[in-house]
Amino acid sequence: QKEVEQDPGPLSVPEGAIVSLNCTYSNSAFQYFMWYRQYSRKGPELLMYTYSSGNKEDGRFTAQVDKSSKYISLFIRDSQPSDSATYLCAGLSGGGADGLTFGKGTHLIIQP
Amino acid sequence: KAGVTQTPRYLIKTRGQQVTLSCSPISGHRSVSWYQQTPGQGLQFLFEYFSETQRNKGNFPGRFSGRQFSNSRSEMNVSTLELGDSALYLCASSRFSQNTEAFFGQGTRLTVV
């Protein structure tokens, strides 16, 4: 079992909808949680990161972490076709000894 | 501000050969981490270099090695290539070791035939 699990999708939603992307993790040592967006044939792009449990908002994006249930979420408001990409969540332990541990990503399609 | 630059973008090598990939981090960033991305395993951590020293290492065989130069540029070497080494190799730079803000390059697509 991978330490970070994501539904691979594809997840298809109409333009303007609120998108909810989720991950579960098993490593209790994770203290930081990141969301990356990756377009085809490009490297991952950091969207945002959070520390421990709680919410963080940046524009149309909101990240949510619940350490008690080991659950990570990313919400995208007013979704646009340009948001169509693969979204990767990742965890990082406090010492960072194992680098970023990624889920395999969720492929998101925003239909115009 | 220039991003992370990886060269070359594409490589085709024969099984048994060795290959060297290069990564130039964002100016001022002293940490470079390398990752392997495959459809089956996703993104997996190879190793991290900070101030020319390997700080952390993932679970990969010794055929995978790297180094970092005084200008923070990093190289990754894979010896005795196997078909299973075909992947997208990504490097990420950050200001500090295992910093939460890691920025990725476009990657080098390696195909082993």
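The rules behind each value
Residues numbered from 1 in each chain as written. Chains lettered and ligands numbered in written order. Predicted model: local features only at pLDDT ≥ 70, side-chain atom pairs only at ≥ 80, totals over all residues. Heavy atoms only, no water. Helix = DSSP H or I, 4+ residues; strand = E, 2+ residues; numbered from the N terminus. Rg over C-alpha atoms; globule rule 2.2 N^0.38 Å. Contact = heavy atoms within 4.5 Å. Lys, Arg positive; Asp, Glu negative; His and termini not counted. Charge placed at Lys NZ, Arg CZ, Asp CG, Glu CD. Salt bridge = Lys/Arg side-chain N within 4 Å of Asp/Glu carboxyl O. Buried < 20%, exposed > 50% of the residue type's maximum accessible area, 1.4 Å probe, protein only. Polar contact = N/O pair within 3.5 Å; in protein donor to acceptor, adjacent residues only side chain to side chain. Phe/Tyr/Trp six-rings, centres within 6.5 Å; stacked < 30°, edge-to-face > 60°.

A look at the overall build of chain B
So, step 1. In terms of regular secondary structure, chain B is built from zero helices and eleven strands.
So, step 2. When the elements of chain B are put in sequence order from the N terminus, they spell out β-β-β-β-β-β-β-β-β-β-β.
So, step 3. For 113 residues, the compact-globule formula gives about 13 Å, and the C-alpha radius of gyration of chain B, at 13 Å, lands near that figure.
So, step 4. Oriented by its inertia axes, the alpha-carbon framework of chain B measures out at about 35 × 25 × 25 Å.
So, step 5. Within chain B, contacts between residues at least 6 apart in sequence are counted, and of these 55% link residues at least 24 apart.
So, step 6. Between the mean site of the 12 positive side-chain charges and the mean site of the 6 negative ones, chain B shows a separation of 3 Å.

Let's talk about the pattern of salt bridges
So, step 1. All told, the structure shown has eight salt bridges over all chains when counted by the stated rule.
So, step 2. Of the charged contacts in the structure, one is a salt bridge between Arg37(A) and Asp83(A), with a shortest N-O distance of 3.9 Å. Of this pair, Arg37(A) sits in strand β4 (residues 30-38) while Asp83(A) sits in the loop between β8 (71-76) and β9 (85-93), and the two are 46 residues apart along the sequence. Asp83(A) shares its class with Arg37(A); the two are buried.
So, step 3. Between Glu75(B) and Arg67(B) there is a salt bridge; the shortest N-O distance is 3.2 Å.
So, step 4. Take Arg67(B): its relative accessible area is 45%, and that puts it in the partly exposed class.
So, step 5. Look at the salt bridges and you will find they share partners, linking Arg37(A), Glu45(A), Arg60(A) and Asp83(A) into a network.

Side note on the side chain of Ser72(B)
All names here are of chain B.
So, step 1. Structurally, Ser72 can be placed in the loop between β7 (64-68) and β8 (74-78).
So, step 2. Engagement of the side chain of Ser72 in a polar contact is seen with the backbone oxygen of His29, the distance being 3.4 Å.
So, step 3. Setting aside anything within four residues of it in sequence, one finds Ser72 in contact with Pro25, His29, Arg30 and Val32.

Let's talk about the packing of aromatic side chains
So, step 1. For the structure shown, the criterion picks out twelve aromatic pairs over all chains.
So, step 2. Judged by centre distance (5.0 Å) and plane angle (45°), the rings of Tyr32(A) and Tyr51(A) are tilted. Separated by 19 residues along the polypeptide, Tyr32(A) in strand β4 and Tyr51(A) in strand β5 (residues 45-51) bring together distant segments of the chain.
So, step 3. Three or more aromatic residues link up through ring pairs in this structure, and these residues are Tyr36(A), Phe102(A), Tyr35(B), Phe45(B) and Phe104(B).

Points about the environment of Asn77(B)
Residue and element names in this part refer to chain B.
So, step 1. With respect to the element layout, Asn77 can be found in strand β8.
So, step 2. Judged by relative accessible area, Asn77 falls into the buried class, the value being 18%.
So, step 3. Here the alpha-carbon distance between Asn77 and Arg63, two residues 14 residues apart in the chain, equals 7.8 Å.
So, step 4. Beyond its immediate stretch of four places on either side in the chain, Asn77 contacts Gln18, Val19, Thr20, Arg63, Phe64 and Ser65.
So, step 5. Within polar-contact distance, the side chain of Asn77 engages the side chain of Thr20 at 3.1 Å.

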